[in-house]
Amino acid sequence: MNSNICYNFPEIFISKDWEDFNKPKIIYPNMTKYMPFFYDKNAYCTNQKCFIVTGQSMAYLTAFFNSSLFRFCFRESFPELQGGTREMSKIFFDKIPVLQVTAEINAKFKSSVDDIQSEYTKSKAIAIDAMIFDLYNLSERERQVIGFVEIE
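For clarity, every value in this text was computed on a predicted model and none was experimentally measured. In this convention, every chain numbers its residues from 1, walking through the sequence in written order. Note on the predicted model: pLDDT of at least 70 is required for a residue's local features to be given, and 80 or more for side-chain atom pairs to be given and counted; whole-chain, interface and lining totals, by contrast, use all residues. The side-chain figures draw on all heavy atoms in the structure; neither hydrogens nor water molecules are used.

Novice: Which parts of the structure should I look at to understand the packing of aromatic side chains?
Specialist: Centre distance and the angle of the planes are the two values used to describe a pair of aromatic rings. Paired rings are identified among Phe, Tyr and Trp, the last through its six-membered ring, by centres lying within 6.5 Å, and are further divided according to the angle between planes into stacked (under 30 degrees), edge-to-face (over 60) and tilted (the rest). Applying the stated rule across the entire model yields 19 aromatic pairs. On the numbers, 5.2 Å between centres and 40 degrees between planes, the contact of Tyr 28 with Phe 37 is tilted. Measuring from centroid to centroid gives 5.7 Å for Phe 70 and Phe 74, while their planes differ by 45 degrees, and the two rings are tilted. Of this pair, Phe 70 and Phe 74 both sit in helix α3 (residues 68-74), four residues apart, which is roughly one turn of the helix. Throughout this description, buried means an accessible area under 20% of the type-specific maximum (1.4 Å probe, protein chains only), exposed means over 50%, and partly exposed covers the range between. Judged by its relative accessible area of 0%, Phe 70 is buried. Helix and strand assignments follow DSSP, with helices taken as H or I runs no shorter than four residues and strands as E runs no shorter than two, numbered in order from the N terminus.

Shown next, in the form of structure tokens:
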């Protein structure tokens, strides 16, 4: 028995997508009220209730997707379902403009994302928001309008 294969996902065996589970990736639920995004560097597998994103700058993208800026600007881009949940399908992400960052900037976000995922605090989330706001050159007024967006 090969220990690198998740036998719960037979449809992946015939696809090159299997390799994506071994890459650093973002994992997020397909329906959610809270819009959480998790940076995975440990090759976790998911079930059909989650999506994954692979590619470049995964740490930065995790920070961006979890940021107040993203929630403030794009939460309404995802259809609302029963109970206040949102449908987080890929077709809705395709319309969202995302700043491209260098490997150096991604590395700065990686440290902060690793830290907040090991122990969440609101102050860490606010610090990451500030990094995102700085990257997008938001004015003080724009930062105040957005504030800290926490979905309850």
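Novice: Could you clarify how one ought to interpret the environment of Thr 62 in this entry?
Specialist: On the secondary structure map, Thr 62 appears in helix α2 (residues 58-65). In this structure the C-alpha to C-alpha distance between Thr 62 and Lys 25, which are 37 residues apart in sequence, comes to 8.9 Å. In this analysis, two residues are considered to be in contact whenever any of their non-hydrogen atoms come within 4.5 Å of each other. In this structure Thr 62 touches Ile 26, Phe 37, Phe 38, Tyr 39, Val 113 and Gln 117, once residues within four positions along its chain are discounted.

Novice: Looking at this structure, I do not really get unusual backbone geometry. What am I missing?
Specialist: Across residues other than glycine, the phi torsion is negative in most instances, and most of the peptide bonds are trans. The backbone phi angle of Ala 43 is positive, close to 60 degrees, even though this residue is not glycine. With respect to the helices, strands and loops of the structure, Ala 43 is situated in the loop between β3 (38-40) and β4 (50-54). Of note, Asn 137 is a non-glycine position whose phi angle comes to about 55 degrees, a positive value. According to the relative accessible area criterion, Asn 137 is exposed, its value standing at 65%.

Novice: Hey, could you run me through the packing of α2 against helix α6 (residues 122-135) in this one?
Specialist: The relative placement of two packed helices is expressed as an angle between their axes plus a distance between the axes. Axis definition: a line fit to C-alpha positions, over the contact stretch in the case of helices; interaxial angles, taken between N-to-C directions, run 0 to 180 degrees. Two elements in contact, α2 and α6, have axes separated by 9 Å at closest approach and are oriented at 105 degrees. On the basis of their axis angle, the class for α2 and α6 is roughly perpendicular. Contact with α2, carried on its side by Tyr 60, Ala 63 and Phe 64, involves Ile 128, Ile 132 and Leu 135 of α6 and no other residues of that element. Classifying every residue of the contact of α2 with α6 by side-chain character gives six nonpolar, no polar and no charged. Angular relationships are summarised with four words: roughly parallel below 35 degrees, roughly antiparallel beyond 145, roughly perpendicular across 65 to 115, and oblique for the angles in between. The classification used treats Ala, Val, Leu, Ile, Met, Phe, Trp, Tyr, Cys and Pro as nonpolar, Asp, Glu, Lys and Arg as charged, and all other residues, Gly among them, as polar.

Novice: Is there a simple way to explain helix α5 (residues 103-118) in this structure?
Specialist: Structural remark: α-helix, 3.6 residues per turn; residues separated by three or four positions point the same way. In this scheme, a helix's expected span is set at 1.5 Å multiplied by one less than its residue total. The end-to-end C-alpha distance of α5, which contains 16 residues, comes to 22 Å, matching closely the 22 Å that a straight helix rising 1.5 Å per residue would cover. Of all the residues in α5, the buried ones are Asn 106, Phe 109, Val 113 and Ile 116. Buried positions in α5, seen along its axis, are confined to an arc of 90 degrees and lie on one side of it. Looking at α5, the residues exposed on the side facing more than 90 degrees away from the buried face are Ala 103, Glu 104, Lys 108 and Ser 118. In this fold, the buried residues of α5 make contact with β3, α2 and α6. Here the arc refers to the directions that run from the helix axis out to each C-beta atom.

Novice: How should the pattern of salt bridges be read in this particular structure?
Specialist: Two side chains with opposite charge may pair up if their charged atoms get near one another. Salt bridges are identified by distance alone: a Lys or Arg side-chain nitrogen within 4 Å of an Asp or Glu carboxyl oxygen. Under the criterion given, the structure shown has eight salt bridges. As a salt-bridge pair, Lys 25 and Asp 40 come within 2.4 Å of each other at their nearest N and O atoms. Of this pair, Lys 25 sits in strand β1 (residues 25-29) while Asp 40 is found in strand β3, placing the two residues 15 residues apart along the sequence. Per residue, the accessibility class of Lys 25 equals that of Asp 40, and both read buried. Residues Asp 115 and Lys 124 are paired through a salt bridge, measuring 3.2 Å at the closest nitrogen-oxygen approach. On the basis of relative accessibility, which here comes to 37%, the residue Asp 115 falls in the partly exposed class. Shared partners join several salt bridges into a network, and the residues in it are Lys 41, Lys 110 and Asp 114.

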